[in-house]
Amino acid sequence: MIGFTNGIKEKGEIMIYIGDDPGKTGAIVALDDEGDVIGVCRKSKTTIQDRCEFLNGLDPDNSNDFYAVIEKVGATPQMGTTSAFTFGLEFGFCTTIYVSLSIRHEFFTPQKWQQSLGLTSVKKSEGDTAKKRYLKENAQRIFPHEKIVNDTADAYLIAWFARRSFMGANTTNQKENA
């Protein structure tokens, strides 16, 4: 399918950690127990049906367990009525997909997951572009073999947060020491 990759490993039963950055330019990233990327789905290049197929494809034989973190964001005053409605609709679709596939999920604000990962050095006064660049650089540092773009950076970091928060913040491996 256009817009996502799915390189599920033949490992038997594994835990799959999902980071979901809602919105039409967000993404869904799936990691395995080791923190390796097993799938990426860019929302700007896919339909809602594609996203369902992507998530279903992560566990074709129903032998894996899932834990997803969805970024808890809402419409902003700067959005017009139509944009706010579209954003809310997209957020609703996002939530519905996880419920319908019986995927355990939680919502965390950007402040919560970013603070947990120690990503708090960009001030609001520096602007959205500086913050996006900072998050993209950190995602690229954690996932050096992946092609991180602005649309996917948050989802990579949210998936990393999902894995760390589920397994416990004291879990270490080579990537976390990078």
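Shown above is the structure to which this text applies.
Residues numbered from 1 in each chain as written. Predicted model: local features only at pLDDT ≥ 70, side-chain atom pairs only at ≥ 80, totals over all residues. Heavy atoms only, no water.

Trainee: Quick question: what am I supposed to make of the overall build of the protein here?
Mentor: Along the protein, the regular secondary structure elements total five helices and six strands. Along the protein, helices and strands appear, N-terminal first, in the series β-β-β-β-α-β-α-β-α-α-α. Within the protein, the proportion of its 178 residues that are buried is 44%. A separation of at least 24 residues holds for 60% of the contacts in the protein among residues at least 6 apart in sequence. By element, 51% of the accessible surface of the protein is carried by carbon and sulfur atoms, the whole surface being about 9500 Å². (Helix = DSSP H or I, 4+ residues; strand = E, 2+ residues; numbered from the N terminus. Buried < 20%, exposed > 50% of the residue type's maximum accessible area, 1.4 Å probe, protein only. Contact = heavy atoms within 4.5 Å. Areas by Shrake-Rupley, 256 points an atom, 1.4 Å probe, with all protein chains shown as cover.)

Trainee: In this structure, what is going on with the pairing of strand β4 (residues 37-42)? I would like to understand it.
Mentor: Remark: a regular strand shows side chains that alternate across the two faces of the sheet. Of all six residues in β4, five are buried; the element is thus mostly enclosed. Examined bridge by bridge, strand β3 (residues 27-31) and β4 share five bridges and lie antiparallel to one another. Residue Ala-27 lies in a different strand from β4, and its bridge partner there is Arg-42. In this antiparallel pair of consecutive strands, β3 and β4, the connection spans five residues, and Gly-35 shows a positive phi of 90 degrees. (Pairing = 2+ DSSP bridges.)

Trainee: What exactly am I supposed to notice about the nonpolar core here?
Mentor: Within soluble globular proteins, side chains that are nonpolar tend to cluster in buried spots. Of all hydrophobic cores here, the largest spans 28 residues; its most connected members are Leu-31, Phe-143, Tyr-156 and Leu-157. Residue assignment for this core shows that the elements contributing at least two residues are β2 (15-20), β3, β4, β5 (65-71), α4 (128-142) and α5 (150-167). If you tally residues by element for this core, the top one is α5, at nine residues. Once residues lying within four places of it in the same chain are set aside, the contact partners of Tyr-156 are Val-29, Val-37, Val-40, Ala-139, Phe-143, Glu-146, Lys-147 and Ile-148. Ile-38, Ala-68, Phe-91 and Ile-103 belong to the second-largest nonpolar core, a separate cluster that totals 19 residues. (Core = buried A, V, L, I, M, F, W, Y, C linked by side-chain atoms within 4.5 Å.)

Trainee: Explain the pairing of β2 here, please?
Mentor: Summarising burial for β2: six of the six residues are buried, a large majority. Burial of β2 is two-sided: the residues Met-15, Tyr-17 and Gly-19 facing one way and the residues Ile-16, Ile-18 and Asp-20 facing the other way are all buried. Of the pairings in the sheet, the one linking β2 to β5 comprises six bridges and is parallel in character. Following the sheet pairing, Ile-18 is matched in β5 by Ala-68. Counting the residues that bridge the hairpin from β2 to β3 gives six residues, and of these Gly-23 lies at a positive phi of roughly 110 degrees.

Trainee: Teacher, can you tell me more about the packing of aromatic side chains here?
Mentor: Remark: the centre distance and the inter-plane angle together describe each pair of aromatic rings, the angle taken between the planes. Evaluated as defined, the whole model comprises five aromatic pairs. Here Phe-143 and Trp-160 contribute two aromatic rings whose centre-to-centre distance is 5.6 Å and whose plane-to-plane angle is 85 degrees, an arrangement assigned as edge-to-face. In this pair, Phe-143 sits in the loop between α4 and α5 while Trp-160 sits in helix α5, placing the two residues 17 residues apart along the sequence. Accessibility classification places Phe-143 together with Trp-160 in one group, the buried group. (Phe/Tyr/Trp six-rings, centres within 6.5 Å; stacked < 30°, edge-to-face > 60°.)

Trainee: Which parts of the structure should I look at to understand unusual backbone geometry?
Mentor: A negative phi angle is the norm for most residues apart from glycine, just as the trans form is the norm for most peptide bonds. Positioned with a positive phi, Ser-102 is a non-glycine residue whose angle comes to about 55 degrees. The residue Ser-102 is located in the loop between α2 (81-100) and β6 (105-108) in this model.

Trainee: Mind showing me how you'd approach the environment of Arg-51 here?
Mentor: Within the secondary structure, Arg-51 sits in helix α1 (residues 48-57). By relative accessible area, Arg-51 is classed as buried at 6%. Distance from Arg-51 to Ala-27, taken between C-alpha atoms, is 9.5 Å for residues 24 residues apart in sequence. In terms of polar contacts, Arg-51 uses its side chain to reach the backbone carbonyl oxygen of Lys-43, at 3.2 Å. (Polar contact = N/O pair within 3.5 Å; in protein donor to acceptor, adjacent residues only side chain to side chain.)

Trainee: Just to check I follow, could you spell out the environment of Gln-111 for this structure?
Mentor: Here Gln-111 is to be found in helix α3 (residues 110-116). Sequence spacing of Gln-111 and Lys-72 is 39 residues, and the spatial spacing of their C-alpha atoms is 9.7 Å.

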